[in-house]
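A structural walkthrough
Here is how the chains run, residue by residue.
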Amino acid sequence: MTAMNKTDIRNLSYEEWTRYCASIGEQPFRAGQIFEWIYKKGVWSFDEMRNLPAPLRQRLSRDFDLKPLVIVQKQVAQDGTTKFLFDLEDHEKIETVLIPTKTRTTVCISTQAGCKFGCRFCASGIGGWKRNLSCAEILSQILHVKEESKKHQKPLSHIVCMGTGESFDNYDNLLKALRIVNDARGINIGARRITISTVGLIPKIMEFAQEDFQVELAISLHGYNDESRDKLMPVNKKYPFTALMNACRAYIRKTHRQITFEYILIKDITCTEEAARELAHHLKGMICKLNLIPYNPVRELPHKPPTHEEMQTFQRRLKALGIHATLRTPRGRDIAAACGQLRHASRKSKEMA
Ligand code: SF4
């Protein structure tokens, strides 16, 4: 390892730290100490790692980087939802959202800079895909929000991968980061409190079913059949609705875990009587949860949210058809809280400058 290609200290798993320590003649317990400084004590410099001998601290700073993400914007909504726009080393921007409630504090993280999937209701897809985030960049978002969450009633307790990017399109880095999040020696958040969301990359859903990792899986469904999903989500051409539903059933059979379906409510498109009927038909008998998400408008896109009454009618129709659905309360409406809006605004203002 040379000074030219230093990796970030948060790119290493516990096992990799153990191997690194052995390679430089240090005892294995040093790996535990380093992990503790990074993830339990949340330090952002090698000098703060006070129980490490000075020569080891110097060696670490020669071999690794330990840089905080730079906050370029922070918006706090009346309900406490806090949105961060971070600047990465190559000046790509990413969004991260802290969502506090009376019972929990959740962080919604980004997994990619931009997104290649171009869902027609989402600001994140507008500027296209730039690159995958590293394991360190994923973990840094969580560490920043963990620090920020100390200002709220509850410490950080839940992670959702529903920010910019398609989680399973950055599978290896994301899973490596989440294993550190879940590790009792790391951030120590239970697997059941972590949710990965995907637009439905079927091969990755099947790969994930084989993992020995009890993380929750959410599918961004947002359509009730092939035709409706085709209109909103280009990914449906590659992984059609019926094949996706079959993959979800196979996942449930293999893991015995429930799937959460995320379903966006867009006026006159996904919130109709036909939509309720078809959705209920496809979900009947599945071990699943269904979340109804009111559309959060994006200025450049034509869609509108239904009225509250229309959303409640949709929920009632589903109930009459035997499907229990939760209507989610919009959070942070007074800030640009929909996925990708802050990042998109920042890119636009740079283009206009
Ligand atoms: S909804 Fe998710 S997958 Fe679709 S464009 Fe937005 S970030 Fe990408």
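Because the structure is predicted, anything quoted here is derived from the model rather than measured.

Concerning the packing of helix α6 (residues 202-209) against helix α9 (residues 241-255)
- Look at α6 against α9: their axes get within 9 Å of each other, and the N-to-C directions meet at 5°. Compared by their axis directions, α6 and α9 come out roughly parallel. Here Ile 202, Ile 205, Met 206, Phe 208 and Ala 209 of α6 come into contact with α9, specifically with Ala 243, Leu 244, Ala 247, Ala 250, Tyr 251, Lys 254 and Thr 255.

Here we look at the sheet that holds strand β13 (residues 288-294)
- The mixed open sheet is built from ten strands, whose spatial order is β3-β4-β5-β6-β9-β10-β11-β12-β13-β14. At either margin of the open sheet sits one strand with a lone partner, and together these are β3 (70-76) and β14 (325-327). Strand after strand, the sheet turns through a mean of 25° between neighbouring axes, direction not considered.
- Sheet topology places strand β10 (residues 194-198) next to strand β11 (residues 216-220); four bridges connect them, and they run parallel. Looking across to β11, one finds that Thr 195 is bridged to Glu 216.

Re the packing of helix α1 (residues 14-23) against helix α2 (residues 29-40)
- Close contact between α1 and α2 brings their axes to 8 Å; oriented N to C, the two are set at 130°. When the axis of α1 is compared with that of α2, the two are oblique. Here α1 and α2 pass one another in a crossing that is right-handed. Two secondary-structure elements touch here, α1 through Tyr 14, Trp 17, Thr 18 and Cys 21 and α2 through Arg 30, Ala 31, Gly 32, Ile 34, Phe 35 and Ile 38.
- Of the residues belonging to the contact of α1 with α2, the class tally is seven nonpolar, two polar and one charged.

Comments concerning the nonpolar core
- In terms of nonpolar packing, the biggest core is built from 105 residues, with Trp 17, Met 49, Leu 60, Phe 261, Leu 290, Phe 314 and Leu 318 touching the most fellow members.
- A domain split of this core shows at least three residues from each of domain 1 (3-65) and domain 2 (70-352).
- Excluding residues that lie within four positions of it along the chain, Phe 314 makes contacts with Tyr 263, Leu 265, Thr 270, Cys 271, Thr 272, Ala 275, Ala 276, Leu 279 and Leu 292.

Remarks on the pattern of salt bridges
- This structure, assessed with the given rule, holds 25 salt bridges.
- Between Arg 10 and Asp 8 there is a salt bridge, and its shortest N-O distance comes to 2.6 Å. In this pair, the class of Arg 10 matches that of Asp 8, namely buried.
- Connected through salt bridges with shared partners, the residues Lys 6, Asp 65, Lys 67 and Glu 89 form a single ionic network.

Some details on the environment of Ile 293
- Its location among the elements puts Ile 293 in strand β13.
- Of the residues examined, Ile 293 reaches a relative accessible area of 26% and is grouped as partly exposed.
- Each C-alpha atom, one on Ile 293 and one on His 324, is 14 Å from the other, the two residues being 31 residues apart in sequence.
- When neighbours within four sequence positions are excluded, Ile 293 is seen to be in contact with Glu 262, Tyr 263, Ile 264, Leu 265 and Arg 328.

Side note on the site of the ligand
- What surrounds the ligand is the set Cys 115, Phe 117, Gly 118, Cys 119, Cys 122, Ser 124, Gly 165 and Val 199.
- For the shell around the ligand, the residue count by class is five nonpolar, three polar and no charged.

Concerning the side chain of His 144
- On the secondary structure map, His 144 appears in helix α4 (residues 135-148).
- Ignoring sequence-local partners within four residues, the contact set of His 144 consists of Trp 44, Pro 68, Leu 69 and Phe 86.

Quick word on α1
- Every buried residue of α1 is listed here: Tyr 14, Trp 17, Tyr 20 and Cys 21. End-on, the buried residues of α1 take up no more than an arc of 115°, which puts them together on one face. Those residues of α1 that are exposed and aimed more than 90 degrees away from the buried face are Arg 19, Ala 22 and Ser 23.
- Those residues of α1 that are buried are in contact with α2, α3 (54-63) and β2 (64-65).

Concerning unusual backbone geometry
- At His 91, a residue that is not glycine, the phi angle is positive and equals roughly 70°.
- You can see His 91 is positioned in the loop between β4 (82-87) and β5 (93-100).
- Even without being glycine, Asp 268 reaches a positive phi, approximately 65°.
- When you line up the elements, Asp 268 lands in the loop between β12 (259-265) and α10 (273-283).
- Taking the relative accessible area as the measure of exposure, Asp 268 reaches 62% and is therefore exposed.

Definitions and limits used
- Residues numbered from 1 in each chain as written.
- Predicted model: local features only at pLDDT ≥ 70, side-chain atom pairs only at ≥ 80, totals over all residues.
- Heavy atoms only, no water.
- Axes fitted to C-alpha atoms, helices over the stretch in contact; angles between N-to-C directions.
- Helix = DSSP H or I, 4+ residues; strand = E, 2+ residues; numbered from the N terminus.
- Parallel < 35°, antiparallel > 145°, perpendicular 65-115°, else oblique.
- Contact = heavy atoms within 4.5 Å.
- Pairing = 2+ DSSP bridges.
- Left-handed = near helix turned anticlockwise from the far one by under 90°.
- Nonpolar A, V, L, I, M, F, W, Y, C, P; charged D, E, K, R; others polar.
- Core = buried A, V, L, I, M, F, W, Y, C linked by side-chain atoms within 4.5 Å.
- Buried < 20%, exposed > 50% of the residue type's maximum accessible area, 1.4 Å probe, protein only.
- Domains from an automatic or database assignment.
- Salt bridge = Lys/Arg side-chain N within 4 Å of Asp/Glu carboxyl O.
- Near = heavy atom within 4 Å.
- Arc of directions from axis to C-beta.

Nothing here speaks to function; it is all geometry.
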